[in-house]
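# Structural characterization, general
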Amino acid sequence: MPSAPRTASIDIATYYMSNYTCEYARALLERAIEGGYQFLDALIGVDACSMMNRSMEHFEILQVNDKPNFFVTHCDMPFKITDYTIDGYVRQMRVHVLDRIHETFGVDVSDEAIRKAVEEHNEVCRIMTEISEMRKAANPVITGYEFHVLCLVTYCCPKAKILPYLKETLKEIKKRKPDPVNPWRARVALVGSEIDDPDLTKLIEDAGALIVVDRFCFGSTPGREVIELNDEEDVLTQICAHYLKVTQCPRYMSQEKIQERRDFSNYLAKEYKAEGIIYEAMKFCDFWAFERTLVSHIMNEEYGWPVLSIDRPYMARGSGQLRTRLQAFVESLEIKQIQKAAKEG
């Protein structure tokens, strides 16, 4: 899916979709109506939620792209992971994605071409993982804002074109020296719904909280994992099975996935030495609204993490209320650090 960071007014999209729908979905439509997606050749979406379905529907109804071969296609993602649902997912990808881009644009969708694309994807993931590992340091040489920008680039740009620049960036980061004095007041894990606007991560870090790990939609955990392929099984089936296995999306509501999401957030926060967790959900995001409300209490009461739970607008950079809550949370983490040091001393 495309993104629409720094969208201004979404009044026109609200007229078509109502003001009780997700602002992200409305921002996409607003940007499309403004002509911001003329560079796209197709819109390939999934049945994630009814609001995204409506946004995609309006892309087609309002004919927001002037290209003669532009098309919108939709895939029905499974809610559970079984052999049957994986087979269905593979058929969806084959019919609605690979066949469409091959028939419309002549794109090579052979197994050999797919394997080559996976190799490029894996190389990008290895670089991003190596950069992410640097965030575990006591005084990291890269900020959460910088990492978020890099991560968004890896989602939005053709892998072959950005690989040389990512390699160059990795070399530059390796040469950095940490600040003589750690400038951060606290380390946090950021968990929640879609964030494609780096201004939100900047808002959090401006409050003094270094984001050391990202477990949100468009983040790197999950999202930037290497896809392991073997030579025996069908390549498309392996890719589909991989994504169903690693996904942490709250639309998957089986008890195993629910528990897995909690344990995974706990693991990441510990692994990256976070001192607290911020759970965020965009307003009107149904899946994350349920997840955030419940799990923010569970992570505090059952896992022992200090948690800040925020319900935010899509464009949150100008929210004074959110800034105040972030500053208060950072202060509370500082107090806990002082109390901990006093006990240990």
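Each remark here, short or long, concerns the structure printed above.
As a starting point, this report considers the structure included with it. (Residues numbered from 1 in each chain as written. Predicted model: local features only at pLDDT ≥ 70, side-chain atom pairs only at ≥ 80, totals over all residues. Heavy atoms only, no water.)

### Quick notes on the pairing of strand 2 (residues 71-75)
Stated precisely, the cut-off is as follows: Summary of the burial criterion: residues with accessible area below 20% of their type's maximum are buried, those above 50% are exposed, and those between are partly exposed, where the area comes from a 1.4 Å probe applied to protein chains only. The way it works is that DSSP assigns letters per residue, a run of H or I at least four long becomes a helix, a run of E at least two long becomes a strand, and they are numbered from the N terminus. The pairing criterion is simple: DSSP has to find at least two bridges between the two strands. Crossover handedness is defined here as right-handed if the route from the first strand over the helix to the second strand goes clockwise, with the strands pointing away from the viewer.
Across the five residues of strand 2, four count as buried, placing the element largely inside the fold. Of the strand pairs in this sheet, strand 1 (residues 42-46) and strand 2 are connected by five bridges, and their pairing is parallel. Following the sheet pairing, G45 is matched in strand 2 by H74. Between the parallel elements strand 1 and strand 2, the chain passes through helix 3 (residues 50-61) in a crossover that is right-handed.

### Comments concerning helix 11 (residues 286-301)
Condition: Under the convention used throughout, the expected extent of a helix is 1.5 Å for every residue step, that is, one less than its residue count.
Between its first and last C-alpha atoms helix 11 spans 23 Å; for 16 residues at 1.5 Å apiece the expected length is 22 Å, and the two agree. Listed as buried for helix 11 are W288, E291, R292, V295, S296, I298 and M299.

### Things to note about the environment of E112
Tracing the sequence through the fold places E112 in helix 5 (residues 111-133). For the pair E112 and A342, spaced 230 residues apart in the sequence, the C-alpha separation amounts to 60 Å.

### Comments concerning the state of the cysteines
Convention followed: Count a disulfide wherever a pair of cysteine sulfur atoms falls within 2.5 Å.
A full pass over the atoms with the stated rule returns zero disulfides. C156 carries a free sulfur, and the closest cysteine sulfur to it, the one in C157, is 6.1 Å from it. Residue class for C156 comes out exposed when judged on its relative accessible area of 53%. As a non-bridged cysteine, C285 has C22 as the owner of its nearest cysteine sulfur, 6.0 Å distant. Residue class for C285 comes out buried when judged on its relative accessible area of 18%.

### Quick notes on the packing of helix 5 against helix 7 (residues 159-175)
What counts, and what does not: Fitted lines through C-alpha atoms give the axes, limited to the stretch in contact for helices. The angle between two N-to-C directions lies from 0 to 180 degrees. The scheme is simple: roughly parallel for angles under 35 degrees, roughly antiparallel for over 145, roughly perpendicular for 65 to 115, oblique for anything else. Each helix crossing is assigned a hand: it is left-handed if the near helix lies turned anticlockwise from the far helix by less than a right angle, otherwise right-handed if that turn is clockwise. In what follows, residue pairs with any heavy atoms lying within 4.5 Å of each other are defined as contacts.
For the pair helix 5 and helix 7, interaxial distance at closest approach is 10 Å and the crossing angle is 20°. By the criterion of interaxial angle, the relationship of helix 5 to helix 7 is roughly parallel. Classified by chirality, the crossing of helix 7 by helix 5 is left-handed. Counting all contacts with helix 5, which are made through E120, E123, V124, I127, M128, E130 and I131, the residues of helix 7 involved are K159, A160, L163, L166, K167, L170, I173 and K174.

### Concerning the pattern of salt bridges
Stated formally: Salt-bridge detection follows one rule: a side-chain nitrogen of Lys or Arg within 4 Å of a carboxyl oxygen of Asp or Glu.
Throughout the structure, instances matching the rule amount to 15 salt bridges. Between K136 and E271 there is a salt bridge; the shortest N-O distance is 2.8 Å. Taken together, the positions of K136 in the loop between helix 5 and helix 6 (144-156) and E271 in helix 10 (residues 255-271) put the pair 135 residues apart, joining distant regions of the chain. On the accessibility criterion, E271 (29% relative accessible area) is partly exposed. Of the charged contacts in the structure, one is a salt bridge between R261 and E291, with a shortest N-O distance of 2.9 Å. You can see R261 sitting in helix 10 and its partner E291 sitting in helix 11, a full 30 residues away along the chain. When sorted by exposure, R261 lands in the same class as E291, which is buried.

### Concerning the nonpolar core
What counts is decided by this rule: Here, nonpolar core means buried Ala, Val, Leu, Ile, Met, Phe, Trp, Tyr and Cys residues that are tied together by side-chain atoms lying within 4.5 Å of each other.
Counting 41 residues, the largest nonpolar core has Y24, L28, Y37, F59, I277 and Y279 as the members making the most contacts within it. Contributing elements (two or more residues each) for this core: helix 1 (11-17), helix 2 (23-33), helix 3, strand 3 (186-192), strand 4 (209-216), helix 10, strand 5 (276-282) and helix 11. Sort the elements by how many residues they give to this core and helix 2 lands first, with six residues. If we skip the residues at most four places from it in the chain, I277 touches A189, V191, A269, M299, W305, P306, V307, L308 and F329. Of all hydrophobic cores here, the second largest spans 21 residues; its members include V109, I114, I239 and Y252.

### Considerations on the side chain of T221
Heads up, the condition is: Two N or O atoms count as a polar contact when they lie within 3.5 Å, although within protein this holds only if one can serve as hydrogen donor and the other as acceptor, and sequence-adjacent residues are included solely when both atoms are side-chain atoms.
Position of T221 among the secondary structure elements: in the loop between strand 4 and helix 9 (235-246). On the basis of relative accessible area, T221 is assigned to the buried category, the value being 11%. Reaching out from T221, the side chain makes a polar contact with the backbone oxygen of D214 at a distance of 2.4 Å. For T221, the residues in contact, after removing those within four places along its chain, are V213, D214, R215, F264 and L268.

### A few points about the layout of surface pockets
Selection rule: Lining residues are those with an atom within 4 Å of a point, where the points come from a 1 Å grid over the protein atoms alone and group into cavities, where a 1.4 Å probe fits but cannot get out, or pockets, open sets with protein on both sides within 12 Å along at least five of seven lines. Grid points are joined across faces, edges and corners, and a volume is the space filled by probe spheres set on the points. Three classes are used: nonpolar for Ala, Val, Leu, Ile, Met, Phe, Trp, Tyr, Cys and Pro, charged for Asp, Glu, Lys and Arg, and polar for all others, with Gly counted as polar.
Considering only enclosed or pocket space, the second largest pocket measures out at about 220 Å³ in volume. If you trace the second largest pocket, you find 15 residues lining it, with T129, S220, T221, E225 and Y272 closest to the centre. When contributions to the lining of the second largest pocket are tallied by element, the ones reaching two or more residues are helix 5 and helix 10. In terms of residue class, the lining of the second largest pocket is built from six nonpolar, four polar and five charged.

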